[in-house]
Amino acid sequence: QVQLVESGGGLVQPGGSLRLSCAASGHTFESYGMGWFRSAPGKEREFVAAISASGVFRNYADSVKGRFTISRVNAKNTVYLQMNNLKPEDTAVYYCAVGADSSSRPTSYNYWGQGTHVTVSS
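The present account deals with the structure reproduced in this document. Quick caveat, the model's predicted, so the values are computed rather than measured. (Residues numbered from 1 in each chain as written. Predicted model: local features only at pLDDT ≥ 70, side-chain atom pairs only at ≥ 80, totals over all residues. Heavy atoms only, no water.)

### Observations regarding the sheet that holds strand 7 (residues 68–73)
In a beta sheet, neighbouring strands are held together by backbone hydrogen bonds and run either parallel or antiparallel to one another.
So, step 1. Spatial ordering of the open sheet is given by 1-3-8-7, a layout of four strands whose pairing is antiparallel. Only two strands of the sheet have a single partner each, and these edge strands are strand 1 (3–7) and strand 7. Ignoring strand direction, the axes of neighbouring strands in this sheet form an average angle of 15 degrees.
So, step 2. Bridge count for strand 7 against strand 8 (residues 78–83) is six bridges, and the pairing is antiparallel. When the sheet's bridge partners are listed, Thr69 is paired in strand 8 with Gln82. (Pairing = 2+ DSSP bridges. Helix = DSSP H or I, 4+ residues; strand = E, 2+ residues; numbered from the N terminus. Axes fitted to C-alpha atoms, helices over the stretch in contact; angles between N-to-C directions.)

If you want it as structure tokens, here you go:
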């Protein structure tokens, strides 16, 4: 059974930073790409970042490029999302997912975590 558990969300002021973690179990972690998506209030789920199985290829949404960094440590079965210079518009529930290699499409992912909430507010 595949399980993804996100952590690291919380309340942060604009300009601050957070690091999200996604711990995976129940699958061959190193064989699959991982992605981060988010759902803002009243908005559909959108792509944030993705990383290939090897960690070599990474994709970012234009809205987070230069501010967010996705990485993975396969030995720990964990993918990270380092978020810097956070903006109120980044407020959302963040989800990690497993499936495709650095794909930006939600349909390329087969399993999803339950999300961790990030609130950017003063």
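### Re the pattern of salt bridges
If the charged atoms of two oppositely charged side chains come close together, the side chains can form a pair.
So, step 1. According to the stated counting rule, one finds five salt bridges in the structure shown.
So, step 2. One salt bridge connects Arg38 with Asp90, and the closest N-O pair in it is separated by 2.9 Å. Placement of Arg38 in strand 4 (residues 33–39) and of Asp90 in the loop between strand 8 and strand 9 (92–99) is noted, with a sequence separation of 52 residues between them. For the pair Arg38 and Asp90, a shared accessibility class is recorded, and that class is buried.
So, step 3. Glu46 is the salt-bridge partner of Lys43, the closest N and O atoms lying 3.5 Å from each other.
So, step 4. Connected via shared salt-bridge partners are Arg38, Lys43, Glu46, Arg67 and Asp90. (Salt bridge = Lys/Arg side-chain N within 4 Å of Asp/Glu carboxyl O. Buried < 20%, exposed > 50% of the residue type's maximum accessible area, 1.4 Å probe, protein only.)

### With respect to the pairing of strand 4
So, step 1. For strand 4, the buried fraction is high: seven of the seven residues fall into the buried class.
So, step 2. Direction of pairing for strand 4 relative to strand 9: antiparallel, over a ladder of seven bridges. From the neighbouring strand, Ser39 faces strand 9, where its bridge partner is Val93.
So, step 3. Pairing analysis gives five bridges linking strand 4 to strand 5 (residues 46–51), with the strands arranged antiparallel.

### A few points about the environment of Val64
So, step 1. Relative to the assigned elements, Val64 resides in the loop between strand 6 (58–60) and strand 7.
So, step 2. Taking the C-alpha atoms as reference points, Val64 and Ala49, separated by 15 residues in sequence, lie 8.3 Å from one another.
So, step 3. When near neighbours in sequence (up to four residues on either side) are disregarded, Val64 contacts Arg38 and Val48. (Contact = heavy atoms within 4.5 Å.)

### Examining the nonpolar core
So, step 1. Within the largest apolar cluster, 32 residues are counted, with the highest numbers of intra-cluster contacts made by Met34, Trp36, Val48, Phe68, Leu81, Met83 and Tyr94.
So, step 2. Looking at this core, the elements with two or more residues in it are strand 3 (18–25), strand 4, strand 5, strand 7, strand 8, strand 9 and strand 11 (116–120). (Core = buried A, V, L, I, M, F, W, Y, C linked by side-chain atoms within 4.5 Å.)

### Considerations on the environment of Tyr111
So, step 1. By the element assignment, Tyr111 lies in strand 10 (residues 111–112).
So, step 2. Owing to a relative accessible area of 42%, Tyr111 belongs among the partly exposed residues under this scheme.
So, step 3. The sequence separation of Tyr111 and Met34 amounts to 77 residues, and the corresponding C-alpha distance is 9.8 Å.
So, step 4. The contacts of Tyr111, once residues within four sequence positions are left out, are Val2, Leu4, Cys96, Ala97 and Val98.

### Some thoughts on the pairing of strand 11
So, step 1. Here strand 11 shows a clear split, with Thr116, Val118 and Val120 buried on one side and none of His117 and Thr119 buried on the other.
So, step 2. With three bridges connecting them, strand 2 (residues 10–12) and strand 11 associate as parallel partners. Residue pairing across strands places Leu11 opposite Thr119, the latter belonging to strand 11.

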